[in-house]
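Close look at the chain arrangement
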Amino acid sequence: MKTVLANTISTLAMREDKNCPCETMLLHCGNNTGNVCFADALFSQLGNPEEIDCLTIADHEGEGVFVLPSSNWINADGWALHKVFLPLQGKNVKLAAAGIGIQGADTETPSDIVAKLSQDTISALKILSEHSVSIGVRGETTADVLAKLGIHNCRVIGCPSFYEPFRKGGGVNYKMHCGEITMDKTVCGITPGMKDIHKVLELAYEAKNILMLQMMTDLPLTALENKDITQQHIDSRFPNLKLSPTELKTYIRNAGKIFYTRKDWSDYLLKEHISFAWGTRFHGNMMAFTNGIPALWVMHDARTKELIEAMKLPYITKEELMEARSVEELADKCRYEKAFWESYKKLSLQYVDFLNENGIEHTFTV
């Protein structure tokens, strides 16, 4: 059966254009470069795939299995689900969504999330279920939400990008450096607007960390075009930050980096010999992990919590973040021990089972 990547972001060729302005390139990335982490990884995992826009699946009825790199689409808005799946009612298409998940507040239960879903969102999820052997969901909370809607054909897979080391090394031979973490070159990802985000930025600033910028709210135009930063920028994005606009501008100008393809991002991490990654950006940390670099996640919302728990990733809580005095102190909490690697191999094999049962041609060798 033919495998088709129904891409949820722009094609790789469009994102390789070095002459496009940042605003356009971010649009190509779905307004968040973190999307390239799992979308490009999934493309590499598929065997000889064709690539189409996910909004055109209905034009390709009966042509194979359509694999969708998915994200936090199950939310009160539900627009992505509506646009992608509602047009497929009654169509002869086979779907395989990989990495679909919920977006909700920390205190929301699966019942709370279900209560916020519109009828169109519920209909879209049922269409996805009816056209899928199994749905690859991010974690148990998403699986519980779907179960409350009567949808049970799902598998917890976390994020597809997590399995890139296993694909490349077969799991047995892949070994991340598990000894003492060096602080030679550290990268940090920040999520503007998050409560207490100022603490992440202050620690990164003191440690001279490289900042991985992912969205326009991260102020990438300061790094790329020397755009000014005002106190209003700080108050809206990083309330309580103990840096002046001039200090923040100088820091982002000198330390800010942004990438629009997985390859460019990976090449930078390896060329610069990055030794540690941390922060609130889930996929920024995952880019480091999948390149053999120890990464520590800050568990700051329900989406991140679900992913961390599904893949058993090393993390700190928001409370631990606020108590930290240095990035070195945080690095001491980053451990990839025997239990993690045993779990990693098991999860990787389960992920390959997910691909196989959906009839997806892939590049894993197990």
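Residues numbered from 1 in each chain as written. Predicted model: local features only at pLDDT ≥ 70, side-chain atom pairs only at ≥ 80, totals over all residues. Heavy atoms only, no water.

**Focus: the side chain of Arg237**
Put simply, the test is: Under the scheme used here, helices are H or I runs from DSSP no shorter than 4 residues and strands are E runs no shorter than 2 residues, and both carry numbers assigned from the N terminus. Burial here depends on accessible area, computed with a 1.4 Å probe over protein chains only, as a share of the maximum for the residue type. Under 20% is buried, over 50% is exposed, and the range in between is partly exposed. Here Asp and Glu are counted as negative and Lys and Arg as positive; His is not counted, and neither are the chain ends. Note on definitions: salt bridges are taken to be side-chain nitrogens of Lys or Arg within 4 Å of carboxyl oxygens of Asp or Glu. Here a polar contact is recorded for every N or O atom pair within 3.5 Å, except that within protein the pair must consist of a potential hydrogen donor and a potential acceptor, and residues adjacent in sequence are included only if both atoms are side-chain atoms. Between two residues, a contact is recorded if the distance between any of their heavy atoms is within 4.5 Å.
Residue placement: Arg237 occurs in helix H11 (residues 231-237). One buried charged residue, Arg237, forms no salt bridge at all, with the nearest opposite charge on Asp218 at 7.0 Å. A polar atom in the side chain of Arg237 sits 3.0 Å from the backbone oxygen of Thr217. Setting aside residues no more than four positions away along its own chain, Arg237 makes contact with Pro192, Gly193, Ile197, Thr217 and Leu219.

**Some details on the sheet that holds strand E11 (residues 295-299)**
Operational definition: Here, strands pair whenever DSSP counts at least two bridges between them.
Spatially, the six strands line up as an open sheet ordered E9-E8-E7-E10-E11-E12, and their pairing is parallel. Edge positions in the open sheet fall to strand E9 (256-257) and strand E12 (315-317), since each of these has one partner strand only. Pairing analysis gives three bridges linking strand E10 (residues 276-279) to E11, with the strands arranged parallel. Of the residues in E11, the one forming a bridge with Trp278 is Leu296.

**Overview of the nonpolar core**
Our working definition: Residues enter a nonpolar core if they are buried and are Ala, Val, Leu, Ile, Met, Phe, Trp, Tyr or Cys, with the set joined through side-chain atoms within 4.5 Å.
Phe162 and Trp278 are the most contacted members of the largest nonpolar core, which totals 90 residues. Sort the elements by how many residues they give to this core and helix H18 (residues 338-357) lands first, with eight residues. Counting 35 residues, the second largest nonpolar core, distinct from the first, contains Ile57, Val93, Ile100 and Leu117.

**Looking at the sheet that holds strand E2 (residues 50-53)**
Inclusion rule: Only the contacting stretch of a helix is used when fitting its axis, a line to C-alpha atoms as for every element, and angles between N-to-C directions run 0 to 180 degrees.
Taken together, six strands build an open sheet; the order of strands is E2-E1-E3-E4-E5-E6 and the sheet is parallel. At either margin of the open sheet sits one strand with a lone partner, and together these are E2 and strand E6 (154-156). In this sheet, adjacent strand axes meet at a mean angle of 25° when their direction is disregarded. The pairing of strand E1 (residues 3-7) with E2 spans four bridges and is classified as parallel. Note that in E2 the partner of Val4 across the bridge is Glu50. Its contacts with the sheet place H18 against strand E4 (94-100), strand E5 (135-137) and E6, and it is angled at close to 155° to E6.

**Quick look at the packing of aromatic side chains**
How we decide: A pair of Phe, Tyr and Trp rings is counted when the ring centres sit within 6.5 Å of each other, with Trp represented by its six-membered ring. The angle between the planes then sorts it: under 30 degrees is stacked, over 60 is edge-to-face, the rest tilted.
Under the defined criterion, the tally for this structure stands at 22 aromatic pairs. Relative to Phe289, the ring of Phe162 has its centre 5.4 Å away and its plane inclined at 20°; by these criteria the two rings are stacked. Of this pair, Phe162 sits in the loop between E6 and helix H8 (164-169) while Phe289 sits in helix H14 (residues 282-289), placing them 127 residues apart in sequence. Between Trp341 and Tyr344, the ring centres sit 5.7 Å apart and the planes meet at 85°, which makes this aromatic pair edge-to-face. Within this pair, Trp341 and its partner Tyr344 are both found in helix H18, separated by three residues, close to a single helical turn. Since its relative accessible area comes to 16%, Trp341 is described here as buried. Put simply, the rings of Phe162, Tyr163, Phe166, Phe289, Tyr336, Phe340, Trp341, Tyr344, Tyr351, Phe354 and Phe364 pair up and form one aromatic cluster.

**Points about the environment of Leu203**
Mapped onto the fold, Leu203 is located in helix H9 (residues 197-206). Residue classification places Leu203 among the buried residues on the basis of a relative accessible area of 4%. Between the alpha carbons of Leu203 and Asn7 there is a distance of 36 Å; along the sequence they are 196 residues apart.

**Quick word on unusual backbone geometry**
Phi is positive for Lys208, close to 55°, though the residue is something other than glycine. In this structure, Lys208 sits in the loop between H9 and strand E8 (210-212). A positive phi angle, close to 75°, is found at Asn240, a residue other than glycine. Classification of Asn240 as exposed rests on a relative accessible area of 61%.

**So, the packing of helix H3 (residues 34-45) against H14**
What describes two packed helices is the angle between their axes and the distance between those same axes. Quick reminder of the rule: The labels follow the angle: roughly parallel below 35 degrees, roughly antiparallel above 145, roughly perpendicular from 65 to 115, and oblique for the rest. A clockwise turn of the near helix away from the far one marks a right-handed crossing, whereas an anticlockwise turn of less than a right angle marks a left-handed crossing.
Across the interface, H3 lies against H14 with an axial gap of 7 Å and an inter-helix angle of 50°. Taken as axis vectors, H3 and H14 run oblique relative to one another. Seen from above, H3 lies across H14 with left-handed handedness. For the pair H3 and H14, contact is made by Gly34, Cys37 and Phe38 and by His283, Met286 and Met287, respectively.

**Here's the deal with the pattern of salt bridges**
Scanning the entire structure with this criterion turns up 15 salt bridges. Of the charged contacts in the structure, one is a salt bridge between Arg281 and Asp218, with a shortest N-O distance of 3.0 Å. With Arg281 in the loop between E10 and H14 and Asp218 in the loop between E8 and helix H10 (220-225), the pair connects residues that are 63 residues apart, well separated along the chain. Asp218 carries the same exposure label as Arg281, and that label is buried. In this structure, a network of salt bridges that share partners links the residues Lys2, Glu50 and Glu63.

**Quick look at the pairing of strand E7 (residues 186-189)**
Quick note on the threshold: Call a crossover right-handed when, viewed with both strands pointing away from you, the route from the first strand across the helix to the second goes clockwise.
The alternating pattern of E7 places Thr186 and Cys188 on one face and Val187 and Gly189 on the opposite face, and all of these are buried. Where E7 meets E8, three bridges bridge the pair, whose relative direction is parallel. Bridge pairing in E8 places Gly189 opposite Met212. For the segment spanning E7, H9 and E8, crossover handedness is right-handed.

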